[in-house]
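Descriptive analysis of the structure
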Amino acid sequence: MLFPSMFRGLIDLGYQRRGLEVIGFYMAYVIGSIMLGAVLGNGVAAIFGSSAVRAEWKVDFIAISILCLVLSFYSIKLKNLGTIKIMWLLPIVSAIFAIYGGPVMGLLIPTILTTRPKNHPYTPLPTSSNFGADEKLVKEQGTQPPPPPPNPEQKLPN
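These notes cover the structure that comes with them. (Residues numbered from 1 in each chain as written. Predicted model: local features only at pLDDT ≥ 70, side-chain atom pairs only at ≥ 80, totals over all residues. Heavy atoms only, no water.)

The next point concerns the overall build of the protein. A tally of regular secondary structure across the protein gives six helices and zero strands. Counting from the amino terminus, helix and strand elements in the protein follow one another as α-α-α-α-α-α. When each of the 158 residues of the protein is scored for burial, the buried share is 28%. As presented, the protein carries roughly 11000 Å² of accessible surface, and 70% of it is formed by carbon and sulfur atoms. (Helix = DSSP H or I, 4+ residues; strand = E, 2+ residues; numbered from the N terminus. Buried < 20%, exposed > 50% of the residue type's maximum accessible area, 1.4 Å probe, protein only. Areas by Shrake-Rupley, 256 points an atom, 1.4 Å probe, with all protein chains shown as cover.)

Written out as structure tokens, the structure is:
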């Protein structure tokens, strides 16, 4: 049962991969993107004739770079990693890697992004000394927590 666990959740980019799942994701997407590039490239060669061999390679690399760009953006979106500003540069770097190195280089960044855990940016932080009791009160009773006591050092408006 080694191989079925390697290829678990290939389409789910929000799934956090570990160990052999990362290798399976990388292998499946490299092989799939090579096949996609071959189909698109041969389609261009069939439409425009055999003189379009150079155009065939360009179509291959453009299609693979777009695939890497989309996979990276979608993975960042599904994992809520957009709050980390540097993450928005990674899809562009992935597309550049794909243009110069093909799917082997271009899919490195989307593969690494699938190993990241989901970011939960809206988790409330404890604001008082009771550390979360107010949030539990709101969930259980559906009421708002009481306001904090006034600070004696603070001057009241006249």
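This is not the end of the story, as more comes after the structure.
An α-helix turns once every 3.6 residues. As a result, residues three or four positions apart point the same way. A rise of 1.5 Å per residue sets the reference length of helix H2 (residues 20–48), with its 29 residues, at 42 Å; its end C-alpha atoms lie 42 Å apart and thus fit the reference within 8%. Along H2, the positions that sit buried rather than exposed are Glu21, Val22, Gly24, Phe25, Tyr29, Val30, Ser33, Gly37, Gly41, Val44 and Ala45. After H2 finishes, the residue Gly49 shows a positive phi value of roughly 95 degrees. (Expected span 1.5 Å × (residues − 1).)

Moving on: the packing of aromatic side chains. Per the stated rule, a full pass over the model turns up two aromatic pairs. On the numbers, 4.4 Å between centres and 40 degrees between planes, the contact of Phe25 with Tyr29 is tilted. In this pair, Phe25 and Tyr29 both sit in helix H2, four residues apart, roughly one turn of the helix. In terms of burial, Phe25 and Tyr29 fall into one category: buried. For the ring pair Phe73 and Trp88, a centre distance of 5.8 Å and an interplane angle of 35 degrees mean the geometry is tilted. On the criterion of sequence distance, the pair formed by Phe73 in helix H3 (residues 53–78) and Trp88 in the loop between H3 and helix H4 (90–106) is long-range, its members being 15 residues apart. Overall, Trp88 belongs to the partly exposed group, its relative accessible area being 36%. (Phe/Tyr/Trp six-rings, centres within 6.5 Å; stacked < 30°, edge-to-face > 60°.)

Quick look at the environment of Val39 now. With respect to the helices and strands, Val39 occurs in helix H2. Val39 gets classed as exposed once you look at its relative accessible area, which sits at 59%.

Contact geometry of H2 with H4 gives a least axis separation of 10 Å together with a crossing angle of 135 degrees. By the angle class used here, H2 and H4 are oblique. Packed against H2, whose contacting residues are Tyr26, Val30, Ser33 and Ile34, the element H4 presents Pro103, Val104 and Met105 at the interface. Here the contact of H2 with H4 is composed, by residue class, of six nonpolar, one polar and no charged. (Axes fitted to C-alpha atoms, helices over the stretch in contact; angles between N-to-C directions. Parallel < 35°, antiparallel > 145°, perpendicular 65-115°, else oblique. Contact = heavy atoms within 4.5 Å. Nonpolar A, V, L, I, M, F, W, Y, C, P; charged D, E, K, R; others polar.)

Inside soluble globular proteins, nonpolar side chains tend to come together where they are buried. One finds Leu13, Phe25, Tyr29, Val30, Ile64, Cys68, Leu71, Ala98 and Leu107 forming the largest nonpolar core, which totals nine residues. Those elements that provide at least two residues to this core are H2 and H3. Apart from the residues lying within four places of it in its own chain, the contact partners of Leu107 are Tyr26, Tyr29, Val30, Ser33, Cys68 and Leu71. Counting residues in each nonpolar core, the second largest holds five residues, with Ile76, Leu81, Ile109 and Leu113 among its members. (Core = buried A, V, L, I, M, F, W, Y, C linked by side-chain atoms within 4.5 Å.)

Next up on the list: H4. A rise of 1.5 Å per residue sets the reference length of H4, with its 17 residues, at 24 Å; its end C-alpha atoms lie only 11 Å apart and thus fall more than 12% short of the reference. The largest bend along H4 measures about 120 degrees and falls at Tyr100, with the proline Pro103 one to four residues further on. Among all positions of H4, only Pro91, Ser94, Ala95, Ala98, Gly102, Pro103 and Gly106 are buried. (Bend = angle between axes of the 7 residues up to and from the residue.)

Don't take any of this as a statement about function, it's just geometry.
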